[in-house]
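What follows is the residue order along each chain.
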Amino acid sequence: MALVSSPVPPALRSKRRRERARTLAFLSPWLIGFGFFFLYPLVSTAYFSVTSYDGYTPPVFSGLQNWDFVFTKYPAFWKGLGNTLWLVVVMVSLRVVFGLGIGMLITKVKSGAGFFRTAFYLPYLAPPVAATMAFAFLLNPGTGPVNHLLGELGLPQPGWFTDPSWSKPALTLLALWGVGDLMVIFMAALLDVPKEQYEAAELDGAGPFQRFRYVTLPNISPIVMFAVVTGVIQTMQYYTQAIVAGKVASGVIGGSGQQFEPGYPSGSTWTLPQMVYRLGFQTYDYGSACVVAMVLFALSMAFTSLLLRRRSGFLAED
Amino acid sequence: MTLAPALPREAAAPAAAATRTARRRAALHWVAVHALAIAAALFFVLPFVFVFLTSVMTDHQALTSDLWPHHWQWSNFAKVWNTPGFLTWWRNTLLYAAAGTALTVASSLPVAYALAKFRFRGRNLALMAVVSMMMLPPQVTVIPMYLFWAKQLHLTGSLWPLIIPMAFGDAFSIFLLRQFLLTIPQEYVEAARIDGCGELRTLLRVVLPMAKPAVAAVALFQFFYCWNDYFGPQIYASENPGAWTLSYGLESFKGSHHTNWNLTMAATLLVLAPVIVLFFFAQRAFVEGVTLTGVKG
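On a predicted model such as this, the values are computed, not experimentally measured, just so you know.

Reading the values: the criteria
- Residues numbered from 1 in each chain as written.
- Chains lettered and ligands numbered in written order.
- Predicted model: local features only at pLDDT ≥ 70, side-chain atom pairs only at ≥ 80, totals over all residues.
- Helix = DSSP H or I, 4+ residues; strand = E, 2+ residues; numbered from the N terminus.
- Buried ≥ 20, exposed ≤ 12 C-beta atoms within 10 Å, placed from the backbone.
- Contact = placed C-beta atoms within 7 Å.
- UniProt positions renumbered as here; feature names shortened; annotations may be inferred.
- Domains from an automatic or database assignment.
- Nonpolar A, V, L, I, M, F, W, Y, C, P; charged D, E, K, R; others polar.
- Axes fitted to C-alpha atoms, helices over the stretch in contact; angles between N-to-C directions.
- Parallel < 35°, antiparallel > 145°, perpendicular 65-115°, else oblique.
- Left-handed = near helix turned anticlockwise from the far one by under 90°.

Draft legend 1. Main features of the overall build of chain A. When you go through chain A residue by residue, the secondary structure sums to 14 helices and 2 strands. For chain A, the spread of C-alpha atoms along the three principal axes comes to 85 × 75 × 35 Å. Taken over 318 residues, chain A has a buried fraction of 42%. Counting only contacts in chain A whose residues sit at least 6 apart along the sequence, the fraction spanning at least 24 positions is 66%.

Draft legend 2. Expanded view of unusual backbone geometry. Note that the residue after Tyr264 of chain A, namely Pro265 of chain A, is joined by a cis bond; omega there is -10°. Here Pro265 of chain A shows up in the loop between helix 11 (240-250) and helix 12 (272-282). With a phi angle near 50°, His154 of chain B is a residue other than glycine that sits in the positive phi range. Structurally, His154 of chain B can be placed in the loop between helix 6 (138-152) and helix 7 (160-163). For His154 of chain B, a count of 9 C-beta atoms within 10 Å gives the class exposed.

Draft legend 3. Geometry of the UniProt feature "transmembrane region" (unreviewed entry) in chain A. Residue and element names in this part refer to chain A. What UniProt calls "transmembrane region" (unreviewed entry) maps, in this numbering, to residues 23-43, 85-107, 119-139, 170-191, 212-233 and 286-308. Taken end to end, residues 23-43 is 100% helix and 0% strand, and its first and last C-alpha atoms sit 27 Å apart. The span residues 212-233 carries 100% helix and 0% strand; its end-to-end C-alpha distance comes to 28 Å.

Draft legend 4. Focus on the environment of Ala114 of chain B. The topology assignment puts Ala114 of chain B in helix 4 (residues 86-117). Beyond its immediate sequence surroundings of up to four residues, Ala114 of chain B is in contact with Thr23, Phe26 and Leu27 of chain A.

Draft legend 5. Quick look at the domain arrangement of chain B. All names here are of chain B. Segmentation of chain B into domains returns domain 1 (4-75) and domain 2 (81-295). In this complex, domain 1 contributes 7 residues to the contact, which on the side of domain 2 involves 7 residues. Ranked by residue count, the leading element in the side of domain 1 that touches domain 2 is helix 1 (residues 9-55), at 4 residues.

Draft legend 6. Seen up close, the UniProt feature "transmembrane region" (unreviewed entry) in chain B. The residues that UniProt annotates with the feature "transmembrane region" (unreviewed entry) are residues 30-53, 94-116, 125-147, 159-181, 202-225 and 261-282 of chain B. Overall, residues 125-147 of chain B shows 91% helix and 0% strand. The separation of its end C-alpha atoms is 30 Å.

Draft legend 7. View of the domain arrangement of chain A. Residues and elements named next belong to chain A. Parsing chain A into structural domains produces domain 1 (12-65) and domain 2 (75-316). The centre of domain 1, based on its C-alpha atoms, is set 32 Å off from the matching centre of domain 2. In this assembly, 10 residues from domain 1 lie in contact with 7 residues from domain 2. Only helix 1 (10-48) and strand 1 (51-52) provide two or more residues apiece to the side of domain 1 that touches domain 2. In terms of residue count, the dominant contributor to the side of domain 1 that touches domain 2 is helix 1 (3 residues). Of the residues contributing to the side of domain 1 that touches domain 2, the split by class is 3 nonpolar, 6 polar and 1 charged.

Draft legend 8. Structural context of the interface of chain A and chain B. With 83 residues of chain A at the interface, the matching set in chain B holds 79 residues. Element by element, the count of residues in the side of chain A that touches chain B is highest for helix 1 of chain A, at 17 residues. In terms of residue class, the side of chain A that touches chain B is made up of 58 nonpolar, 18 polar and 7 charged.

Draft legend 9. Summary view of the packing of helix 1 of chain A against helix 4 of chain B. In the contact formed by helix 1 of chain A and helix 4 of chain B, the axes pass within 8 Å of each other and the chain directions differ by 135°. When the axis of helix 1 of chain A is compared with that of helix 4 of chain B, the two are oblique. Crossing handedness for the pair helix 1 of chain A and helix 4 of chain B: left-handed. On the side of helix 1 of chain A, the interface is formed by Thr23, Phe26, Leu27, Pro29 and Trp30 of chain A, while helix 4 of chain B contributes Ser107, Pro110, Val111, Tyr113 and Ala114 of chain B. For the contact of helix 1 of chain A with helix 4 of chain B, the per-class residue count stands at 8 nonpolar, 2 polar and no charged.

As structure tokens, this is what we get:
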């Protein structure tokens, strides 16, 4: 086709035009969606971030005032960024390690594999609000069964969602409970590792640890990478569990007339997405909320580009 | 073991001993693996058990740290079911999930098909745009979107701002369907074209029947996404209790029954139940779908 420098025959040209129209027709729902629910609000968010806007009076251009406010006069921003990074580092790495461990375990189980697989997977499907509610009950310091059992064993009984130094570990525990998605992905990857490689390693006298290090890991490393990057992106959006846990533990919930300020206890569960909600929908400072939204956008795009750079594998191009 | 008879007599005894140690080691391995699996199963299952046990306790006992109900008060479930609003939340959630799922599948399939099977300029760019959209935190665009639905269309206080966008393709569904459609050999598509099938007919008559597992997985994921969604209803529907969904309502349920863990846990179970029932009906489609998101890693 590259050789065609002579004029394209009219029949071929009309065929191409037809093909282009057909492609456009098939893509059209998404093209509208992409423009309207992605590009437009993105440009609009960037615009609002340099305006002063409360939703009632029209937006007024204010330069970098909001950016200056968020970065230098709003310490809660750094606190929220720090919490988000804490969750990204601790929650994601523990989830990947635990998911891989459970995935390996399930490939070794001979009896009752179906039962175990279902048991390990099911919590992942629990609606986040329901799961958080359940954990708020299980971990409540007064009557919760977890502290009850810890007490019987003579172990310390932390305050979990009510203690600033235990609230993020409690959220991490909740995230580990829902590790089923990673388990299934790792299970599939582990079953794909060629058996001969294990046999060859065993003949060479490799022990279980060496087999894991030199056979398993190199084979599944693309999947581990995928799990880490998507985990990071998901955790930057971490919202529902954090805000619901805070509401339930603090007792300030809709209907009680009070407005819940996310982050309970002492801002320890306060994350960037909640900041957008707080600034935009509770204090009506849309400009500053959009600054935080832009920061969130920059961070998630940075990780997405990491994923896309390895797109040969990820997108499986033909 | 099959080698044993071929061995010289003097070697047979040690070989038998070796088999015995190997067998013993295998048995030990079996025990260790299953003990670990049982420990893990306790971690995953016990929360459900405790939630259930508390949900059938009396109000009085729910204030203690007892683990086992003295008196099984099944009426808690009826009480939750009859709470004003609960049925409305249920209906709203079902409407959101059913309409959202149908619209998402219908609008995403043709896009995924075009991205997997058509050759056109800008295809890779379109694909990267889909992935970027998939990874975008919803909070990034929520302020202009909210202002649009509230001030231009006056549709906040309902679930329409959440349902309508699903008629315009969902990035995750497009991506997942495309990954699956790539595995369908191009020859089927070519054959249908040669037989004079239009593109839409090819998609619906030839490709769709082969893509059933992926379509089922996408539908399930989307149904669950809508069912579980909290952020969306909180932003768009919270101002009108008549438009609340279960996830959003469940939280306020805790607000108005804040001392009664038993009723809150009964409500939690009633929100969980449909998800679990659906899972048992469609287990295969699920696991295949999850695998599909990861295998091409």
